Amino acid sequence: MQRDDYRGYNGYLIERNSRRILFAGDTAFTETFGELRESGPIDLAIFSIAAYNPWIRSHCTPEQAIEMANAAGAQFIMPVHHQTFRLSFEPYREPIERFQAALRDQPERIALSEIGETFVLP
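The shown structure was predicted, so the numbers you read here are calculated from the model rather than taken from an experiment.

1. Some points on the overall build of the protein chain
Each helix and strand in the protein chain was counted, giving 2 helices and 4 strands. The linear arrangement of helices and strands in the protein chain, starting from the amino end, is β-β-β-α-β-α. Taking 2.2 N^0.38 as the reference for a compact globule, 122 residues should give roughly 14 Å; the C-alpha atoms of the protein chain span a radius of gyration of 14 Å, in line with that estimate. Its C-alpha atoms give the protein chain principal-axis dimensions of roughly 50 × 30 × 25 Å. Evaluated residue by residue, the protein chain yields a buried proportion of 40% over its 122 residues. In the protein chain, of all internal contacts separated by at least 6 residues, the share reaching a separation of at least 24 is 60%. Total accessible area on the protein chain is roughly 7,500 Å²; 51% of this is exposed by carbon and sulfur atoms. Measuring between centres, the 12 positive side-chain charges of the protein chain sit 2 Å from its 17 negative side-chain charges.

Right under this line is the structure:
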């Protein structure tokens, strides 16, 4: 049986009307997002925060998502890829709870926490 234990990711930097939004796609931890800081600040970084157990090679943890968003210079972080349906083995609310705990000193940076919320860039 052949196994694929590494997959790349597909992310996008969207720029319009002096706004910069980073959609990181599915990504494991990487230091490459720091390179984006050189071309200017990121208003909003959208990062997956779940499905890391057992797929840590293709999905980051909530704390790693924050670290990569910080490296990119993101003002706000929108966590995605959590709470919609079971994708992996971590407890259902664990990713968002870990994400919120990691940003407990900066809760204003969290763009969304629950499904159905709305976020508007200030």
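2. Points about helix α2 (residues 94–102)
When α2 is considered as a whole, its buried residues turn out to be Pro95, Ile96 and Phe99. What you see down the axis of α2 is that its buried residues fit within an arc of 95°, all on one side. Where α2 is buried, its residues meet α1 (62–72) and β4 (74–80).

3. So, the nonpolar core
Residues Leu22, Phe33, Ala45, Phe47 and Phe99 are the most contacted members of the largest nonpolar core, which totals 19 residues. Listing elements by their share of this core, those giving two or more residues are β3 (42–48), α1, β4 and α2. With 5 residues, α1 is the single largest residue contributor to this core. Counting residues in hydrophobic clusters, the runner-up holds 6 residues, among them Leu44, Ile46, Phe76 and Ala111.

Calculation rules
- Residues numbered from 1 in each chain as written.
- Predicted model: local features only at pLDDT ≥ 70, side-chain atom pairs only at ≥ 80, totals over all residues.
- Heavy atoms only, no water.
- Helix = DSSP H or I, 4+ residues; strand = E, 2+ residues; numbered from the N terminus.
- Rg over C-alpha atoms; globule rule 2.2 N^0.38 Å.
- Buried < 20%, exposed > 50% of the residue type's maximum accessible area, 1.4 Å probe, protein only.
- Contact = heavy atoms within 4.5 Å.
- Areas by Shrake-Rupley, 256 points an atom, 1.4 Å probe, with all protein chains shown as cover.
- Lys, Arg positive; Asp, Glu negative; His and termini not counted.
- Charge placed at Lys NZ, Arg CZ, Asp CG, Glu CD.
- Arc of directions from axis to C-beta.
- Core = buried A, V, L, I, M, F, W, Y, C linked by side-chain atoms within 4.5 Å.

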